[in-house]
Amino acid sequence: MSDRAEPHRVPRAPSLWQRVVPFGLGVRKPKHFRDMAAVAWRNRDNLGYAAEVLRKGVCDGCALGVAGLHDWTIPGTHLCMTRLNLLRLNTVGPLDAARLADVDALSRWDNRALRELGRLPYPFVRRRGEPGFTRVSWDEVHARLGARLRATPPLRTAFFLTARGVTNEVYYVAQKVARFLGTPHIDNAARLCHAPSTAAMKEVVGVAASTCSYEDWIGTDLIVFFGSNPANDQPVSTKYLLLAKQRGTKIVMVNPYLEPGMQRYWVPSDPASALFGSDLADYWFPVAQGGDIALLYGALKSLLARGAVDRAFIEAHTTGFAALEATVDALSWDELEASSGLPRASLEGFADLLASARTGVLVWSMGITQTAAGADGVRLILDVALARGWIGRDHCGAVPIRGHSSVQGGGEMGCYATALPGGKPITPAHADALEQTYGFPIPRTLGYTTPEMIEAAHRGQLDLLYCVGGNLLHTLPEPAHVREALARVPVRVHQDIIVNDQMFVEPGEEVWLLPAKTRYEQDEGGCETSTERRVMFSPELPRQVGEARAEWKILRALAAEAWPERASLLGCEDGWAVREEIARVVPFYDGVQHLRAAGDAFQYGGRHLCAGGHFPLPDGRAVFATPALPPREQRDDGTFSLRCRRGKQFNSLIYAEVDPLNGASRDAVLMNADDAAARHLIHGDRVTLHNARGRFEGRIFLAPIAPGNLQIHWPEGNCLIDRDRHDADSGTPDYSTRVRVERAATADR
């Protein structure tokens, strides 16, 4: 380390008791073995099928890519609570159709209770003014919805796909169906998380996926997590981090909040760690929310001053470095300190860690991407990786870590408003080539992004909105606005495995519920793509719930019903034909057509993308970016910077009212102790957060968080988020805002 600066070391457990007591008894932590037993009990009515899913299926939780009980990175059993919490969705029986006859009472239930009703077993329809849903046949669905799709102007039709266990086959067929029908409005849940990563990575390094593999984490000198909490969101990764630590890796967190799961974690598959816990992160830089770009510019300024950049790599494999140097040189330490929320010593301490590491892996998630400068934040992370020569070689890489099992493949299949299959931009040449393959014309304009679909619906510009899973009522900012928008769409279709409150929004004219099979029930199996680009096959595990059908088959059948005279052009008659076509249309997926059994997989691009410094850009070189430093927010007006966070949940599926990692309830307002003291607030005090968009009632939860910053749970905090703030490159909403804090009128604590 430099003598000039000392990085922020992560404090260790303060007492010997917390380190020697077996299984962390008496310590705030997840109770993995107790929770596993509870999962087994919840699935006791279908344990045989649950075991089949766990032994043979590809995980439908996060995107680390576990197939069965094993992965491709390290030996041993891999099983996490994210996957186990989702298991009941795959084993539960059908709901009682009579419950949907009157939705007035159900509309007041929370989504956890609605999940417990069971699987959606049959097609249903509800017309405006009716109290609930009426069961209909698939023949009626095909006849009536097929006619609607044919009659609806294509530009007034939109499709949204979630990340809930959706396979690559579903994404691929969905985008083909949308374009067959003539609409460019097809988008997926990646728009709400890593779309800024896609935009920035394609521009800077020419790829839109992790440049390295998980095995590169184990043995690297340094791993830096920016706005990411893998202990909560990708818990299997803690075993990788534990092994990396044992080989000398230093782990750094850049985050406003000191996440307790990254501070210390009990890895259940490692006996010693399961008994006594393991320290993970070594250093923590409590950057202000939105201050990551300034931190990274400060690190580059320090690296340049000490000559700690890889000039040979830069000169041989990149362009634009001179412009970056000039930009960095023009930035003063005062403005970098003000924007990052950290003193110069901390910025230089972070640079020390970068400079002293021969190899490094930089990982980021939604703390970076879900901001107004999301793509710029990714660009600066890539700039640092390129400046150190950490792309395309062992134990080095840039990783947009995914939180959902399906989203990497969604964009690559072309299920995107802004790209064609293979992630190709929508240009005349690319459209010509795809039309020649498909045999029918496709739209040549950009489509609505997910937030734009809601805006169009609110303005009366959509006549039909088709949602494959998801709950836009809970995932987008300003839920009251979203509710109004949904109610204005004449025809809504919700294709899903369970019911949620979005379905109960009053119909414009009619709302359809279509019962889908899970990924494990999907005819002829299906595949997903992990964060490390591994395409994995999950075999069909036969189970029939009511009249549920494979998701891609529902979509294809409706398109064929709408235009029977052209239906033969759809192709994709079965799962094997879908994968054959994917291999032809998306060349880097060649090999997917050969996946047939549990455990079959391949990693496109191999261990490294951009290996040897060869980048898939016009001149083969990466391009340094020089984004502007975000303007400093005024902090002397009594407001706080607020950001949404995740607790024990999977996307908007909430599994516990209290986060087992930090003990925060769903109404917790994480606040710095000094900020609380200055306002005469103590732990547990009721407060109201408010701004021009809404109000949030919660309780103060004292936490190690950067001063001037607050965090509350998502999606509960969406009522405060401004729908008009988004990343300029991708349209991803900015899930941060500024709020005022007032003590609640009640004295109850």
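Coordinates for the structure precede this section.
Residues numbered from 1 in each chain as written. Predicted model: local features only at pLDDT ≥ 70, side-chain atom pairs only at ≥ 80, totals over all residues. Heavy atoms only, no water.

We now examine the pairing of strand 24 (residues 686–690). Buried residues dominate strand 24, accounting for four of its five residues. Bridge count between strand 24 and strand 25 (residues 695–702): five bridges; the pairing is antiparallel. When the sheet's bridge partners are listed, His 690 is paired in strand 25 with Arg 695. The loop that links strand 24 with its antiparallel partner strand 25 comprises four residues. With four bridges joining them, strand 24 and strand 27 (residues 736–743) adopt antiparallel strand pairing. Within the sheet, the bridge partner assigned to His 690 lies in strand 27 and is Arg 740. (Buried < 20%, exposed > 50% of the residue type's maximum accessible area, 1.4 Å probe, protein only. Helix = DSSP H or I, 4+ residues; strand = E, 2+ residues; numbered from the N terminus. Pairing = 2+ DSSP bridges.)

With the rule as written, the count across this model stands at 50 salt bridges. Between Arg 119 and Glu 521 there is a salt bridge, with the nearest N and O atoms lying 2.9 Å from each other. With Arg 119 in the loop between helix 5 (111–115) and strand 1 (124–127) and Glu 521 in the loop between strand 15 (510–515) and strand 16 (526–529), this residue pair connects regions lying 402 residues apart in the sequence. Per residue, the accessibility class of Arg 119 equals that of Glu 521, and both read buried. Here Arg 156 makes a salt bridge to Asp 463, at a shortest N to O gap of 2.7 Å. Here the residue Arg 156 occupies a position in the loop between helix 6 (138–151) and strand 3 (157–161), and Asp 463 occupies one in the loop between helix 22 (450–458) and strand 13 (464–468), the gap between them amounting to 307 residues. With a relative accessible area of 27%, Arg 156 lands in the partly exposed category. Salt bridges linked by common partners bring Glu 455, Glu 478, Arg 693, Asp 722, Arg 723 and Asp 724 together as one network. (Salt bridge = Lys/Arg side-chain N within 4 Å of Asp/Glu carboxyl O.)

Here helix 25 (residues 551–562) spans 17 Å end to end across 12 residues, near enough to the 16 Å set by a 1.5 Å rise per residue. Counting buried positions along helix 25 yields nine of 12 residues, so the element is predominantly enclosed. Those residues of helix 25 not exposed but buried are Glu 551, Trp 552, Ile 554, Leu 555, Arg 556, Leu 558, Ala 559, Ala 560 and Ala 562. (Expected span 1.5 Å × (residues − 1).)

Turning our eyes to something else, we now look at the side chain of Asp 496. Within the secondary structure, Asp 496 sits in strand 14 (residues 491–496). For Asp 496, a relative accessible area of 5% corresponds to the buried category. Apart from the residues lying within four places of it in its own chain, the contact partners of Asp 496 are Leu 120, Arg 164, Gly 469, Gly 470, Met 503, Leu 514, Pro 515 and Ala 516. (Contact = heavy atoms within 4.5 Å.)

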